[in-house]
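# Commentary on secondary and tertiary structure
Here's the letter readout for the chains.
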Amino acid sequence: MNAILEASKIYKSYGNKFNRQEVLKGIDLQVDKGEFVGIMGPSGSGKTTLLNVLSSIDKVSLGSIKIEGKTFTEMKEKELAEFRKRHLGFIFQDYNLLDTLTVKENVLLPLSIQNVPKKEADAKFQRIATDLGIFELKDKYPNEISGGQKQRTSAARAFIHDPGIIFADEPTGALDSKSASDLLNKLSELNRKIQSTIVMVTHDPVAASFCSRVVFIKDGQIYTQLIKGEETRQDFFNGIMRTQGVLGGVQE
């Protein structure tokens, strides 16, 4: 397999020399193209911080991260902004949609920033919106659609520009169980269909059971990982539950 993301010796601390809190303590992580990786761990384990540094939202204190062969931890802000625009997609827990734009306009934002021709953008929108089941909502505004539909809109926006990797931060956190499993089914279908790479932080073992691999973080280090392989989703879910039980402190 070829690695799309390589993180080596990642350290992240906050504060000053008199009062320093070390959150990540030398993490090494590799993600291969087409993987759907979950990151789990008890509250305060560093999983969100890890997602933030892997996705360039936050800077590492030490270490280096490469995505698609480019070491973005050394980039200046302007170069990094350009890199994000082309290579990364984001799905946040709170959707981050613009209320004044329709579903279609929200989804097309990454393409309008890149000045993609209208005809090409429309074709891409039709394809991804149909895959995610939101095509018929294209002229509605965020306040006219449900939470599950908002999150699928947010997912369509993350996929629309064919990024190398998509980062999802608790994407089902604000959804009821039916909307959550709808979204996860769609994400895993897209992961299979277009070989998109997804890295998702979640505290929900059901959400994690859709992944092909789950990495468990404890006290800022990788504690263990589970690989789904040929297991059924139910068996994988059971394994995740057992590991969470051993880790302790899983309830958020």
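Further up the page is the structure itself.
Residues numbered from 1 in each chain as written. Predicted model: local features only at pLDDT ≥ 70, side-chain atom pairs only at ≥ 80, totals over all residues. Heavy atoms only, no water.

The next point concerns unusual backbone geometry. One non-glycine residue, glutamate 68, lies in the positive phi region at around 50 degrees. One can find glutamate 68 in the loop between strand 4 (62-67) and strand 5 (70-71). (Helix = DSSP H or I, 4+ residues; strand = E, 2+ residues; numbered from the N terminus.)

In terms of residue burial, helix 1 (residues 47-54) counts as a mostly covered element, since six of its eight residues are buried. Of the residues trailing helix 1, serine 56 is marked for its positive phi of about 70 degrees. (Buried < 20%, exposed > 50% of the residue type's maximum accessible area, 1.4 Å probe, protein only.)

For the rest of this paragraph, the subject is the pattern of salt bridges. Under the criterion given, the structure shown has 12 salt bridges. Across the pair glutamate 77 and arginine 84 runs a salt bridge, and its minimum N-O distance is 3.9 Å. As a salt-bridge pair, aspartate 162 and lysine 124 come within 2.8 Å of each other at their nearest N and O atoms. Residue aspartate 162 is located in the loop between helix 5 (147-159) and strand 7 (165-169), and its partner lysine 124 is located in helix 4 (residues 118-131); the two are separated by 38 residues in the primary sequence. You can call lysine 124 buried: its relative accessible area is 16%. Among the ionic contacts, a cluster of salt bridges with common partners joins Lys59, Glu77 and Arg84. (Salt bridge = Lys/Arg side-chain N within 4 Å of Asp/Glu carboxyl O.)

Our focus in this paragraph is the packing of helix 5 against helix 6 (residues 177-193). One can describe the packing of helix 5 onto helix 6 by two numbers: an axis separation of 9 Å at closest approach and a directional angle of 20 degrees. Comparing their axes, helix 6 and helix 5 come out roughly parallel. Handedness of the crossing formed by helix 5 with helix 6: right-handed. Contact residues: helix 5 offers Gly148, Gln151, Arg152, Ala155 and Phe159, while helix 6 offers Ser179, Leu183, Lys186, Leu187 and Leu190. A per-class count over the contact of helix 5 with helix 6 returns five nonpolar, three polar and two charged. (Axes fitted to C-alpha atoms, helices over the stretch in contact; angles between N-to-C directions. Parallel < 35°, antiparallel > 145°, perpendicular 65-115°, else oblique. Left-handed = near helix turned anticlockwise from the far one by under 90°. Contact = heavy atoms within 4.5 Å. Nonpolar A, V, L, I, M, F, W, Y, C, P; charged D, E, K, R; others polar.)

What follows covers the side chain of aspartate 169. With respect to the element layout, aspartate 169 can be found in strand 7. Of the side chains bearing the opposite charge, lysine 47 lies closest to the buried aspartate 169, which forms no salt bridge; the N-O distance is 8.2 Å. With near-sequence residues (within four places) excluded, aspartate 169 lies in contact with Thr48, Leu51, Ile91, Phe92, Gln93 and Val201. (Lys, Arg positive; Asp, Glu negative; His and termini not counted.)

Let us now look at the nonpolar core. Within the largest apolar cluster, 42 residues are counted, with the highest numbers of intra-cluster contacts made by Val107, Ile128, Ile134, Leu187 and Val214. At five residues, helix 6 tops the list of elements feeding residues into this core. Apart from residues lying up to four places away in sequence, leucine 187 is in contact with Phe36, Ile91, Ala155, Phe159 and Ile198. (Core = buried A, V, L, I, M, F, W, Y, C linked by side-chain atoms within 4.5 Å.)

All right, on to helix 6 then. In this model helix 6 runs 24 Å from its N-terminal to its C-terminal C-alpha over 17 residues, within 8% of the 24 Å that 1.5 Å per residue would give. Within the span of helix 6, buried status applies to Ser179, Ala180, Leu183, Leu184, Leu187, Ser188, Leu190 and Asn191. Around the axis of helix 6, the buried residues are gathered within 160 degrees of arc, so they sit on the same side. The exposed set on the far side of helix 6, more than 90 degrees from its buried face, consists of Lys178, Arg192 and Lys193. Considering only its buried residues, helix 6 is in contact with strand 3 (36-40), strand 6 (88-91), helix 4, helix 5, strand 8 (197-201) and helix 7 (205-208). For helix 6, the N-terminal capping position is held by aspartate 176, with its side-chain oxygen 3.0 Å away from the main-chain nitrogen of lysine 178. Just beyond helix 6, the residue with positive phi is glutamine 195, at close to 55 degrees. (Expected span 1.5 Å × (residues − 1). Arc of directions from axis to C-beta. Polar contact = N/O pair within 3.5 Å; in protein donor to acceptor, adjacent residues only side chain to side chain.)

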